[in-house]
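Each chain is listed here by its residues.
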Amino acid sequence: MALSENLNSQHGVMLNYQGKGILIIGEAGIGKSSLALELIHHGASLIADDVVDFAIEADQLVAHCPKVLSGLLHSRELGLMDIRKVCGENSWRASTTADLCIELKQIYHPEPSVSTPIHYKFILGKALVVLTLSIDNPASLITRVNSWLAMQHYHADSQNKMLLWPV
């Protein structure tokens, strides 16, 4: 099947974690699949590893797994695994909406700030908020991901409440 303007493939790993569709991107060998495996062991569902297909459905960006990769995750240390056999049937699903993006980098030095720097990745015209994480930070990736997701929830609630304040 040829890619149309309504379908886009990206290199990365797609998960559904804590009700959010999260695309993990970064250079080859940076640890995308390893982070995905850790998140799966904490309740995430794998959508796709290595290649993620995106489409617009009902005005939402939806990520799909190419059929040939269904349920498969490749780790450099562990090799190719059927995640459903390793972590159970609920550890994989065929699609999810795409909500957020995590970019892994070897070295990342953001400017000092009291807030998280906001960057976006655009796929098929839809913006995903990107969190860039250094793999060299001593705090675990999963701790930083969980903290960021909690912040996203808190800030969304704060923004909704601010809309109700009289001007």
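Residues numbered from 1 in each chain as written. Predicted model: local features only at pLDDT ≥ 70, side-chain atom pairs only at ≥ 80, totals over all residues. Heavy atoms only, no water.

Enquirer: Got a minute to help me understand the overall build of the protein chain in this structure?
Expert: In terms of helices and strands, the protein chain carries three helices and 10 strands. When each of the 167 residues of the protein chain is scored for burial, the buried share is 37%. Sequence separation of at least 24 residues holds for 67% of the intrachain contacts in the protein chain that already meet a minimum separation of 6. As displayed, the protein chain offers around 9,900 Å² of accessible surface, 55% of which is attributable to carbon and sulfur atoms. (Helix = DSSP H or I, 4+ residues; strand = E, 2+ residues; numbered from the N terminus. Buried < 20%, exposed > 50% of the residue type's maximum accessible area, 1.4 Å probe, protein only. Contact = heavy atoms within 4.5 Å. Areas by Shrake-Rupley, 256 points an atom, 1.4 Å probe, with all protein chains shown as cover.)

Enquirer: What is the right way to read unusual backbone geometry from this model?
Expert: Leaving glycine out, the prevailing phi sign among residues is negative, and the prevailing peptide bond configuration is trans. Of note, the phi angle at Gln 18 is positive, near 55°, even though the residue is not glycine. Mapped onto the fold, Gln 18 is located in the loop between strand S1 (7-17) and strand S2 (20-26). Phi at Ala 58 takes a positive value of approximately 50°, unusual for a residue other than glycine. With respect to the helices, strands and loops of the structure, Ala 58 is situated in the loop between strand S3 (45-57) and strand S4 (60-64).

Enquirer: Sorry if this is basic, but what is going on with the sheet that holds S1 here?
Expert: Strand pairing in a sheet is mediated by backbone hydrogen bonds. Such pairs are either parallel or antiparallel. Pairing within the open sheet is mixed, and its eight strands lie in the order S7-S4-S3-S1-S2-S8-S10-S9. Only two strands of the sheet have a single neighbouring strand rather than two, namely strand S7 (95-97) and strand S9 (119-123). Taken over all neighbouring pairs, the strand axes of this sheet differ in orientation by 40° on average, direction set aside. Across five bridges, the pairing between S1 and S2 is antiparallel. Bridge pairing in S2 places Asn 16 opposite Gly 21. (Pairing = 2+ DSSP bridges. Axes fitted to C-alpha atoms, helices over the stretch in contact; angles between N-to-C directions.)

Enquirer: I tried to follow the side chain of Ser 134 on my own but got confused; where do I start?
Expert: Here Ser 134 shows up in strand S10 (residues 126-134). A polar contact of 3.4 Å, which involves the side chain of Ser 134, links it to the backbone oxygen of Gln 106. With sequence-adjacent residues up to four places away left out, Ser 134 is seen in contact with Lys 105, Gln 106, Ile 107, Tyr 108, Leu 141 and Arg 144. (Polar contact = N/O pair within 3.5 Å; in protein donor to acceptor, adjacent residues only side chain to side chain.)

Enquirer: Would you mind showing me how to read the nonpolar core here?
Expert: The nonpolar side chains of a soluble globular protein tend to be buried, and buried together. Within the largest apolar cluster, 42 residues are counted, with the highest numbers of intra-cluster contacts made by Ile 24, Leu 39 and Phe 54. For this core, the secondary-structure elements that each account for two or more residues are S1, S2, helix H1 (32-40), S3, S4, strand S8 (100-105), S10 and helix H3 (141-164). (Core = buried A, V, L, I, M, F, W, Y, C linked by side-chain atoms within 4.5 Å.)

Enquirer: What should I look at first to understand the pattern of salt bridges in this one?
Expert: Any two side chains of opposite charge can pair, so long as their charged atoms come close to each other. Across all of its chains, the model carries two salt bridges by this definition. Note that Asp 59 is salt-bridged to Lys 126, the shortest N-O span being 3.0 Å. Remark: Lys 126 occurs in strand S10 and Asp 59 occurs in the loop between S3 and S4; sequence separation between them is 67 residues. For Asp 59, a relative accessible area of 59% puts it in the exposed group. Across the pair Asp 82 and Arg 84 runs a salt bridge whose closest N-O atoms are separated by 3.0 Å. (Salt bridge = Lys/Arg side-chain N within 4 Å of Asp/Glu carboxyl O.)

Enquirer: Quick question: what am I supposed to make of the pairing of S8 here?
Expert: Note that S2 and S8 share five bridges and pair parallel. When the bridges of S8 are listed, Gly 26 appears paired with Leu 104. Note that S8 and S10 share six bridges and pair parallel. Each residue of the ladder has a partner; that of Glu 103, found in S10, is Thr 132.

Enquirer: Looking at this model, I keep getting lost on a nonpolar patch on the surface. Mind explaining?
Expert: Taken together, the side chains of Ile 118, Tyr 120 and Phe 122 make up a nonpolar region of the molecular surface, amounting to roughly 370 Å² of accessible area. With respect to the helices and strands, Ile 118 occurs in the loop between S8 and S9. Judged by its relative accessible area of 57%, Ile 118 is exposed. (Patch = residues over 30% accessible without salt bridge, like charges linked within 9 Å, V, L, I, M, F, W, Y side chains within 5 Å.)

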